[in-house]
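Listed below, chain by chain, are the residues.
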Amino acid sequence: MAVKRGAGVHRYRGGGYRLPIAFLIFFSVLAPLIFFVGRGLYTSTPIRQAVDSNNQGLDWRERQALQHVKTLFSKEVIDVITTSTADLGPLSLDSFRKNNLSASWKVTGIETRVENNAMSEPTQTAKVVKQEAPAGKDDLSSDGHAQSTSTPAKLVRRQLREKRREKRAADLVRQEDEAIIKLENAAIERSKSVDSAILGKYNIWRKENENDNSDSTMRLMRDQMIMARVYITIAKMTNKFDLLQKLQTRLKESQRTLGEATSDSDLHHSAPEKIKAMGQVLSKAKEHLYDCKLVTGKLRAMLQTADEQVRSLKKQSTFLSQLAAKTIPNAIHCLSMRLTIEYYLLPPEKRKFPRSENLGNPNLYHYALFSDNVLAASVVVNSTVVNAKDPSKHVFHLVTDKLNFGAMNMWFLSNPPGKATIHVENVDEFKWLNSSYCPVLRQLESAAMKEYYFKANHPTSTGSSNLKYRNPKYLSMLNHLRFYLPEVYPKLDKILFLDDDIVVQKDLTRLWLVDLHGKVNGAVETCGESFHRFDKYLNFSNPHIARNFDPNACGWAYGMNVFDLKEWKKKDITGIYHKWQNMNEDRILWKLGTLPPGLITFYNLTYPLEKSWHVLGLGYNPSIDRSEIENAAVIHYNGNMKPWLELSMTKYRSYWTRYIKYDHPYLRTCKLRE
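Note that the structure is a prediction, hence the values are computed from the model and not measured.

K.L.:
Describe the pattern of salt bridges, with residues and values.
P.N.:
Applying the stated rule across the entire model yields 11 salt bridges. Salt-bridge contacts for arginine 174 lead to glutamate 178; the nearest nitrogen and oxygen are separated by 3.4 Å. Of the two residues, arginine 174 and glutamate 178 are both situated in helix H7 (residues 152-193); the distance of 4 residues between them amounts to about one turn of the helix. The class of glutamate 178 is partly exposed, set by a relative accessible area of 38%. The closest approach of N and O atoms between arginine 250 and glutamate 253, which form a salt bridge, is 2.9 Å. Here glutamate 253 and arginine 250 lie together in helix H10 (residues 241-258), a separation of 3 residues that amounts to about one turn. Accessibility expressed as a relative area gives 28% for arginine 250, which makes it partly exposed. The network of salt bridges with common partners includes Asp171, Arg174 and Glu178.

Put into C-alpha cells, the structure is as follows:
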C-alpha cells in the first residue's frame, strides 16, 4: 500500500510539471509570434495607400502629416518612398533574410504599386502569409535569387537611372546636331564672303601648297651637308685628317647627288645610299669631334655668312628686276633697227603722213603720246582706233627721241591707223626746250645729278633704294614733256594724254564732253584709306611742303589724263611747275620722277574722273578683279611687269597682245611671238 501510494504521488507530480511547461512555452514563444504577425500585418500598409483618398485607417494627425509630406516632395519621390517603405516592412523578404527566417515564408497580401514617370506597370499583389511545405533545393535557390535581384525598389531605381541616361543621351545628340548645323551655316556664310579673285590664286597643285614633308629627303641631305662642313672645320682644328678626308669625300658625293634638284623626285636613285653613308661618317665624327662650344660657334658663323649672302642676293635681285623692267627686249630692239633702216631708204616724198590739216583742228579728238617703244605705241594707237566709233575724228600726236624717230615713222607709214590722223615728232627738234628755259633739263645736265645717277657706290647712295631712280626715263625729256603741252600744241584747246603702257578698250570721245568745272587736269584718283596720298610722295618735314599742301590729300594717276589747255594757259601751270622744280634742285622736296611734281603743280586743279575710265595695277597687282578690267575704258600696266617683257603677268598679257598682228613680216623677222 505504501509503495502504490508513493507511485501515485510520483505520477501526480510528473503530470503537474508538464502543464506549466506547456503554458510557459506557449506564452514565451507562440504568443509573441502571434503578436508580432498581427502587429506586422497591421503596420505594413504602404505610405502610397495612405496618400490615396480611399484610405480610412489613419487618424487625423497621420492624414494631416501625409498631406504636409505630399506638398514637400514631388510625385516621383513619393513613388520611390512608397515602394521602398513597402519593401522594408516587417514582413518583406529583406526582413526575412535579415532575421534568418525560413525561405518557405512567402509574401502574399501586400499590395505594391510601382509607378514610373513615363509608364505605369501592372500592380503586383502578394497573397496572405502562409507556411508551405519545403520545396526542392532548385526551386528554393531560383526563387531566392529572383527575389534578391528583382525587388520593386531596385526596379524603380534602375528604371529611373535608365530614363535619365536615355534623356541625357538624347540631349547630347540633339546638342551635337545643333552644333554641326551652326558650324555648317557659319562655313557657308564665310565662303560667300571670300574674294573670288584671291580664291582663284590658290591652287592645290602649286608647289608652294604641297605637303611640308614632300621634299624631306632633300632637306635631310642639306642638313647633313651643313653638319659635315661644321665637322670638317673642327677636324682641321684638331688634326683629325682621317675623318677630314672621309667627311670631304662624303660631302662631295652629296653635292653631286643633290645637284640642281628642286624636289625629291629630281634626286638620283642613289640618294638613299649617299644619305646612309653620310650618316655613318657623321656619327663617327660626332663621337670623336663633337664639342658643344665649337659646334655652336661654327653654326653661328655659318648663319651670319648666309644672312649676308641673302642680303646681297636681294640687292642684286632688286637691281636686276629694275634693269629688266626698264630695258628693251632684243626682239623690239631688232624691230626698231629694221624699221629705221627701211625709213631712211625711203625717198623724202614718201615719208609724209596724210591728212596733216587735221593736226591743228580743235574740233577733233586729239591724243598726246610720248614714247620710245615702237611696239607699245602701236598697241595704244591700234586699240584706240579699233574701239572708236568714228576713227576719222581722232588725231594722234606722237613724240619720240631721235634714236627711234625713223622706226616710229616707218611703222605707222607701213601700218596706217585706218582713217585716223597720225603725226610723229622728234623731241630733240624742239629748239625752245633747252636748259635755259627748262629747270629739269638744266638739273639733268649738272655734275651732281650725273653723280647721283651713275655712281651707285657713292657714299651718299642708299644702294638698292635708289635703283629705281637710276632709270633712263628720268634722264629723258620725253618723261617731262607732259608739263609743256601748250607749248607743244599751241592750237589745241583740250587734249587727252596717254602713256605707252596702256590699252584702250572703249570709245573715249565722251571724255571731251566732261565738264572739269574750271580745273585743268581730269584724272582718276588712286588714294585708299592710308596709301597713295600726298605724304607718300612729298617730304612734309620740309616747311615749304608742310605749309602749302595737305598730307592727306588724295593722289591721282598719270596714264590717262584730260587737260584743258585754255585753263592751263590762264593759270600758268608751266610756271608753277618751274617754280617748284627750281626749289627741288637738291631733291629735298621729292625724289626724282614726274608724279610728285605733277601732284604739286595740279594741286586743287584736278577734277576726279570715274574709276571705270582708268584701271591701274596690271603691272604689279595680281588680284585685280576680271570684271573690273573688262569694264574699264583704259587699263594701265603701271609697274615693272610690262606686257612686252618676259616677266609680265600671263593672266593680263592677253589684253595687250590682242592688238598686235604677230604674222606681220617685221615681227616674224625679229622673232616676236605671242
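Back to the text.
K.L.:
So, the state of the cysteines: which residues are in play, and what are the values?
P.N.:
Applying the stated rule across the entire model yields 2 disulfides. With its sulfur 2.2 Å from that of its partner, cysteine 334 forms a disulfide with cysteine 670. With the S-S bond torsion at -75 degrees, the cross-link from cysteine 334 to cysteine 670 turns out left-handed. Taken together, the residues span a long stretch of sequence, with cysteine 334 in helix H13 (residues 330-344) and cysteine 670 in the segment after helix H26 (665-669) at a distance of 336 residues. Here cysteine 527 is linked by a disulfide to cysteine 554, with a sulfur-sulfur distance of 1.8 Å. As the torsion about the S-S bond is roughly -100 degrees, the cysteine 527-cysteine 554 disulfide counts as left-handed. Linking cysteine 527 in the loop between strand E6 (521-523) and helix H19 (534-537) with cysteine 554 in the loop between helix H20 (543-548) and strand E7 (560-564), this pair joins segments that are 27 residues apart in sequence.

K.L.:
Explain the pairing of strand E3 (residues 421-426) to me, using residue names and the numbers behind them.
P.N.:
Of all 6 residues in E3, 5 are buried; the element is thus mostly enclosed. The pairing of strand E2 (residues 394-400) with E3 spans 6 bridges and is parallel. Across the sheet, histidine 397 pairs through a bridge with histidine 423, a residue of E3. For the segment spanning E2, helix H15 (residues 405-414) and E3, crossover handedness is right-handed.

K.L.:
Could you give me a rundown of the packing of helix H9 (residues 216-237) against helix H11 (residues 271-289), with the residues and numbers involved?
P.N.:
Axis separation between H9 and H11 bottoms out at 10 Å; the angle between their running directions is 35 degrees. Seen along the crossing, H9 lies across H11 with a hand that is left-handed. Residue-level inspection shows Thr217, Leu220, Met221, Gln224, Met227, Ala228, Tyr231, Ile234 and Ala235 of H9 in contact with H11, the latter providing Ala271, Ile275, Met278, Gly279, Leu282, Ala285, Lys286 and Leu289. Its residues placed into classes, the contact of H9 with H11 shows 13 nonpolar, 3 polar and 1 charged.

K.L.:
Describe the pairing of strand E4 (residues 494-498), naming the residues involved and giving the relevant values.
P.N.:
Among the 5 residues in E4, 5 count as buried, and that is most of the element. The alternating pattern of E4 places Lys494, Leu496 and Leu498 and Ile495 and Phe497 on opposite faces, both of which are buried. Here E4 pairs with E7 via 5 bridges, running antiparallel. Paired with leucine 498 across the bridge in E7 is methionine 560.

K.L.:
Which residues make up the nonpolar core, and what are the values?
P.N.:
Counting 64 residues, the largest nonpolar core has Leu335, Leu398, Leu496, Leu508, Leu511 and Trp656 as its most contacted members. Of all the elements, helix H14 (residues 374-386) adds the most residues to this core, at 8 residues. Those residues in contact with tryptophan 656 that sit more than four places away from it in its chain are Leu375, Ala376, Val379, Val503, Tyr637, Pro643, Trp644 and Tyr662. With 44 residues, the next largest nonpolar core counts Leu441, Val520, Leu538 and Phe549 among its residues.

K.L.:
Residues and numbers for unusual backbone geometry, please.
P.N.:
Leaving glycine aside, a negative phi is the common case for residues, and trans is the common case for peptide bonds. Positive phi outside glycine occurs at asparagine 239, with the angle close to 60 degrees. Tracing the sequence through the fold places asparagine 239 in the loop between H9 and H10. One non-glycine residue, arginine 587, lies in the positive phi region at around 60 degrees. Judged by relative accessible area, arginine 587 falls into the partly exposed class, the value being 24%.

K.L.:
Which residues make up the sheet that holds E6, and what are the values?
P.N.:
Strand order in the open sheet made by the 7 strands is E3-E2-E1-E4-E7-E6-E8, with mixed pairing throughout. Of all strands in the sheet, those bounded by a partner on one side alone are E3 and strand E8 (606-608). Within this sheet the neighbouring strands show an average axis-to-axis angle of 25 degrees, counted without direction. One ladder, built from 3 bridges, connects strand E1 (residues 365-370) with E4; its direction is parallel. By the bridge assignment, tyrosine 367 is partnered in E4 with leucine 496. Contacting E1, E2, E3 and E4, H14 crosses the sheet at an angle of about 175 degrees to E2.

K.L.:
I'd like a description of H13, backed by residues and values.
P.N.:
The first and last C-alpha atoms of H13 sit 21 Å apart over 15 residues, in line with the 21 Å expected at 1.5 Å per residue. Listing the buried residues of H13 in full gives Ala331, Ile332, Leu335, Ser336, Leu339, Thr340 and Tyr343.

K.L.:
Which residues make up the packing of aromatic side chains, and what values go with them?
P.N.:
Between two aromatic rings, the relevant description is the distance of the centres plus the angle of the planes. Throughout the structure, instances matching the rule amount to 23 aromatic pairs. Ring centres of tyrosine 367 and phenylalanine 396 lie 4.9 Å apart, and the angle between their planes is 15 degrees; on these two criteria the pair is classed as stacked. Placement of the pair is tyrosine 367 in strand E1 and phenylalanine 396 in strand E2, with a sequence separation of 29 residues. With relative accessibility at 1%, the residue tyrosine 367 sits in the buried group. Ring centres of tryptophan 568 and phenylalanine 602 lie 5.5 Å apart, and the angle between their planes is 70 degrees; this geometry places the pair in the edge-to-face category.

Reading the values: rules and limits
Residues numbered from 1 in each chain as written. Predicted model: local features only at pLDDT ≥ 70, side-chain atom pairs only at ≥ 80, totals over all residues. Heavy atoms only, no water. Salt bridge = Lys/Arg side-chain N within 4 Å of Asp/Glu carboxyl O. Helix = DSSP H or I, 4+ residues; strand = E, 2+ residues; numbered from the N terminus. Buried < 20%, exposed > 50% of the residue type's maximum accessible area, 1.4 Å probe, protein only. Disulfide = S-S within 2.5 Å. Pairing = 2+ DSSP bridges. Right-handed = clockwise from strand over helix to strand, strands pointing away. Axes fitted to C-alpha atoms, helices over the stretch in contact; angles between N-to-C directions. Left-handed = near helix turned anticlockwise from the far one by under 90°. Contact = heavy atoms within 4.5 Å. Nonpolar A, V, L, I, M, F, W, Y, C, P; charged D, E, K, R; others polar. Core = buried A, V, L, I, M, F, W, Y, C linked by side-chain atoms within 4.5 Å. Expected span 1.5 Å × (residues − 1). Phe/Tyr/Trp six-rings, centres within 6.5 Å; stacked < 30°, edge-to-face > 60°.

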